[in-house]
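Single-letter residue listing:
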Amino acid sequence: EINFSDVACRLWTFFMTYANRHDPTDTYAEQIKDMIDGMHSGVVRQLARMPLNKNYCLIDVNDLGRDDSSVIDCTGAKIRSLVSEKIQSDAPKFAKISVECRDDKNNK
């Protein structure tokens, strides 16, 4: 199990979901690629499936039409492709890893 701080969860969500409305090529795809290159695919899979906290996201998650959205549901095509490629690159070596965001204020 991976236990991320509240700040780490906010940053991951921001990098994954940021999109400039005026320039769709303005994303953090290169930074995401740099981050996931050194990670095991199981970790990347769990990060992608991390439940989306609507307070961390710049988009209106109510527009998604579901309550169980994950971070990957809100990413653009380029980042989704990078993450998918990484997950599939180590497919036979899956590790069961869960990601949990802790509330730093309550030390959970």
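Rules of the game
Residues numbered from 1 in each chain as written. Predicted model: local features only at pLDDT ≥ 70, side-chain atom pairs only at ≥ 80, totals over all residues. Heavy atoms only, no water. pLDDT = per-residue confidence, 0-100. Helix = DSSP H or I, 4+ residues; strand = E, 2+ residues; numbered from the N terminus. Buried < 20%, exposed > 50% of the residue type's maximum accessible area, 1.4 Å probe, protein only. Arc of directions from axis to C-beta. Axes fitted to C-alpha atoms, helices over the stretch in contact; angles between N-to-C directions. Parallel < 35°, antiparallel > 145°, perpendicular 65-115°, else oblique. Left-handed = near helix turned anticlockwise from the far one by under 90°. Contact = heavy atoms within 4.5 Å. Nonpolar A, V, L, I, M, F, W, Y, C, P; charged D, E, K, R; others polar. Core = buried A, V, L, I, M, F, W, Y, C linked by side-chain atoms within 4.5 Å.

A few words on the confidence of the model for the protein chain. Across the protein chain, the average pLDDT comes to 79, with 67% of residues at 70 or higher. In the model of the protein chain, strand β2 (residues 99-101) stands out as the element of lowest mean pLDDT, 65, in contrast to helix α2 (residues 29-37), which has the highest, 94.

Looking at α2, one finds that the buried residues are Ala29, Ile32 and Ile36. Down the axis of α2, the smallest arc covering the buried residues is 60°, so these residues share one side.

Contact geometry for helix α3 (residues 41-48) and helix α4 (residues 77-89): axes closest at 8 Å, N-to-C directions at 140°. Viewed along their axes, α3 and α4 adopt a mutual orientation that is oblique. Taken as a pair, α3 and α4 cross one another with a handedness that is left-handed. Residues Ser41, Val44, Arg45 and Ala48 of α3 pack against Val83, Lys86 and Ile87 of α4. Within the contact of α3 with α4, the residues separate by chemical class into four nonpolar, one polar and two charged.

Our next topic: the nonpolar core. In terms of nonpolar packing, the biggest core is built from 19 residues, with Trp12, Met16, Ile32, Ile36, Val71, Ile79 and Val83 touching the most fellow members. For valine 83, the contacting residues outside a window of four places in its chain are Met16, Ile32, Ile36, Val44, Ala48 and Ile72.

Its location among the elements puts glycine 38 in the loop between α2 and α3. In this structure glycine 38 comes out as exposed when scored by relative accessible area, which is 73%. In sequence terms glycine 38 and lysine 86 are 48 residues apart; their C-alpha atoms lie 10.0 Å from each other.

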